[in-house]
Amino acid sequence: MIINKTTASKLVNFDTENFVFGTTFTDHMVICEFEDGVWGEPRLMPYGPLPFTPAMMGINYGQACFEGMKAYKDESGDVFLFRPNKNFERINKSAKRLAMPELPEAIFMGGLRTLVDIDRDWVPHGEDTSLYIRPLIFATEEALKARISTKFMFAIIASPAKSYYTEPVAVKISDYYSRAASGGVGSAKAAGNYAASFYPTLLAKEEGYEQIIWTDDATHENFEESGTMNVFVRINDTIYTPKTSDKILDGVTRDSFIQLAKHQGIEVVISDVKVADVLAAQKDGSLKEVWGVGTAVVTSIFSALGYKGEKFELPKLSDEDSFAVRLKKALVDIQTNKAEDPFGWRTRVEKLN
Ligand code: COI
């Protein structure tokens, strides 16, 4: 790895109290280029713009995918990654589906550890804070023929984050738009999946909803995801979540919630989650909670479900009674080294640079 550190850190000018998610970047980034059939040597360099032209294939045809992950600082200042192997596996799954070259583990993990090590002072201290890390791969060939690019770039950038408490939000169950289709790219973290979700979400916002609960493209009878997250439903004391498929992202937070819930003795059913069953449970009072989970916000709790012009309120549970709140706390406590880690999810970032 070639290392070229900045001579002027921006950290002194960073307001640790007031910042907006994903808008401030750390001093460095890692880049690695793929050309002539091989990945080159990764480079750590000062964060900044890169020279590309509008003919770059990645922005014309959307051959691009990304990951979202976080680093955490504990009270003694040690820095940890959370299940980074899951993100490594998934970026390669996404790359394969989008006909992009898979990354060697040494480039992904080496780049990640070096960036987080060198920019460790950017990992915020304090309750519910973290460093959000964005690894991405995109096509860089300058060519307009619609085919697989021959050149790619892998990059890792990082941005300080704090988990903000948000009031529960109303969400709309989609009866028309879909996030993914059978045989499509829903299970890949493809950049275009996010672009495709913006317009339906804008329409839902105009109707007073914050996010969409995405339903299957064929019948719109089954829950798939919510917003940019996986979705969980609690009926009585059982948690339901859709099983992963080629339409549903295999979320790291989703998998962690499932394992934590089972560990706490909560029954988890991974199966079809039918819109009709959820609405019937809302009517008979057995629907207790619906929430989304993802790396960025960890948990987004829903206050109401909109469906075909009707709005159905969800119960307001206290923090003690909410499975979503309880599981989020258990997860964050493991991530930030406040609790035992029986699953071996936490990995310390050694100080090497
Ligand atoms: C995540 O929560 O992991 C996401 O993918 C959200 C990101 C698009 C900001």
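Given the structure is predicted, the values throughout are model-derived calculations rather than measurements.

### A short note on the domain arrangement of the protein chain
Piece 1. One can read the domain layout of the protein chain as domain 1 (2-161) and domain 2 (169-335).
Piece 2. Just the C-alpha atoms count here: the centres of domain 1 and domain 2 sit 27 Å apart.
Piece 3. Contact with domain 1, which involves 21 residues of that partner, is made by 24 residues of domain 2.
Piece 4. Both sides together, the interface formed by domain 1 and domain 2 hides about 1,900 Å², and carbon and sulfur atoms give 58% of it.
Piece 5. It is F66, F82 and R90 that lose the most area in domain 1 upon contact with domain 2, and together they represent 31% of the buried surface on that side.
Piece 6. Taken together, the links from domain 1 to domain 2 amount to one salt bridge.
Piece 7. Here R83 makes a salt bridge to D255, at a shortest N to O gap of 2.9 Å.
Piece 8. The set of elements that each furnish at least two residues to the side of domain 1 that touches domain 2 consists of β5 (64-66), β6 (69-73), β7 (79-82) and α2 (84-97).

### Things to note about the pairing of β6
Regular strands place their side chains on alternate faces of the sheet.
Piece 1. Extensive coverage of β6 is indicated by the burial of five of its five residues.
Piece 2. Of the pairings in the sheet, the one linking β6 to β7 comprises three bridges and is antiparallel in character. From the neighbouring strand, K73 faces β7, where its bridge partner is V79.
Piece 3. Once β6 ends, the chain turns through five residues before running back antiparallel as β7, passing G77 with a positive phi of about 95°.

### Looking at the pairing of strand β14 (residues 238-241)
Piece 1. Examined bridge by bridge, strand β13 (residues 229-235) and β14 share three bridges and lie antiparallel to one another. In the strand pairing of β14, R234 is matched with I239.
Piece 2. Crossover connection from β14 via helix α5 (residues 252-263) to parallel strand β15 (residues 267-270): handedness right-handed.

### A look at the side chain of R234
Piece 1. Looking at the secondary structure, you find R234 in strand β13.
Piece 2. Among the polar contacts listed, one links the side chain of R234 to the side chain of E289, at a separation of 2.7 Å.
Piece 3. Apart from the residues within four sequence positions on either side, R234 is in contact with I239, S286, L287, K288, E289, W291, L317, D321, S322 and F323.

### A few points about the pattern of salt bridges
Close approach of charged atoms allows side chains with opposite charge to pair.
Piece 1. Considering all chains together, one arrives at 16 salt bridges under this definition.
Piece 2. Measuring nitrogen to oxygen at the nearest pair gives 2.9 Å for the salt bridge that ties E224 to K247. In this pair, E224 sits in strand β12 (residues 223-226) while K247 sits in the loop between β14 and α5, placing the two residues 23 residues apart along the sequence.
Piece 3. We note a salt bridge from D272 to K243, for which the minimum N-O separation is 3.4 Å.

### A short note on helix α3 (residues 105-118)
The α-helix winds at 3.6 residues per turn, so residues separated by three or four positions along the chain end up facing the same way.
Piece 1. Here α3 spans 19 Å end to end across 14 residues, near enough to the 20 Å set by a 1.5 Å rise per residue.
Piece 2. Across the 14 residues that make up α3, a large majority, 10, are buried.
Piece 3. Within the span of α3, buried status applies to I107, F108, M109, G111, L112, T114, L115, V116, D117 and I118.

### Focus: the side chain of R83
Piece 1. Its location among the elements puts R83 in the loop between β7 and α2.
Piece 2. Polar side-chain contacts of R83 include one of 2.9 Å to the side chain of D255.

### Description of the site of the ligand
Piece 1. Neighbouring the ligand are Y132, R134, K189, Y194, T228, G294, T295 and A296.
Piece 2. Note that an oxygen atom of the ligand is positioned 2.6 Å from one of the side-chain N or O atoms of K189.
Piece 3. Measuring from an oxygen atom of the ligand, one finds a backbone N or O atom of A296 at 2.8 Å.
Piece 4. Notes on the ligand: free accessible area 290 Å², of which the protein chains cover 83%.
Piece 5. Looking at side-chain class alone, the shell around the ligand contains three nonpolar, three polar and two charged residues.

### Points about the packing of aromatic side chains
The way to describe two aromatic rings as a pair is by their centre distance and the angle between their planes.
Piece 1. Per the counting criterion, the structure on display carries 16 aromatic pairs.
Piece 2. Between F14 and W122, the aromatic rings sit 5.4 Å apart at their centres with planes inclined by 40°, giving tilted as the arrangement. Of this pair, F14 sits in the loop between β1 (2-3) and β2 (28-35) while W122 sits in the loop between α3 and β8 (129-139), and the two are 108 residues apart along the sequence. Per residue, the accessibility class of F14 equals that of W122, and both read buried.
Piece 3. A centroid spacing of 5.6 Å and a plane angle of 10° characterise the contact between F232 and W291, whose relative ring orientation is stacked. Note that F232 is positioned in strand β13 and W291 in strand β16 (residues 287-294), a separation of 59 residues in sequence.
Piece 4. Accessibility expressed as a relative area gives 0% for W291, which makes it buried.
Piece 5. In this structure, K162 is placed above the aromatic ring of F19, and the distance from its NZ or CZ to the ring centre is 4.3 Å.
Piece 6. In this arrangement the basic side chain of R234 is found over the ring face of F323, its NZ or CZ atom lying 3.6 Å from the centre.

### Quick word on unusual backbone geometry
Piece 1. One non-glycine residue with positive phi stands out, namely D128, at about 60°.
Piece 2. Within the secondary structure, D128 sits in the loop between α3 and β8.
Piece 3. If you check the backbone angles, K308 has positive phi at about 45° while not being a glycine.

About the criteria used
- Residues numbered from 1 in each chain as written.
- Predicted model: local features only at pLDDT ≥ 70, side-chain atom pairs only at ≥ 80, totals over all residues.
- Heavy atoms only, no water.
- Domains from an automatic or database assignment.
- Contact = heavy atoms within 4.5 Å.
- Buried area = accessible area lost by both parts, 1.4 Å probe.
- Salt bridge = Lys/Arg side-chain N within 4 Å of Asp/Glu carboxyl O.
- Helix = DSSP H or I, 4+ residues; strand = E, 2+ residues; numbered from the N terminus.
- Buried < 20%, exposed > 50% of the residue type's maximum accessible area, 1.4 Å probe, protein only.
- Pairing = 2+ DSSP bridges.
- Right-handed = clockwise from strand over helix to strand, strands pointing away.
- Polar contact = N/O pair within 3.5 Å; in protein donor to acceptor, adjacent residues only side chain to side chain.
- Expected span 1.5 Å × (residues − 1).
- Near = heavy atom within 4 Å.
- Areas by Shrake-Rupley, 256 points an atom, 1.4 Å probe, with all protein chains shown as cover.
- Nonpolar A, V, L, I, M, F, W, Y, C, P; charged D, E, K, R; others polar.
- Phe/Tyr/Trp six-rings, centres within 6.5 Å; stacked < 30°, edge-to-face > 60°.
- Lys NZ or Arg CZ within 6 Å of the ring centre and 35° of its normal.

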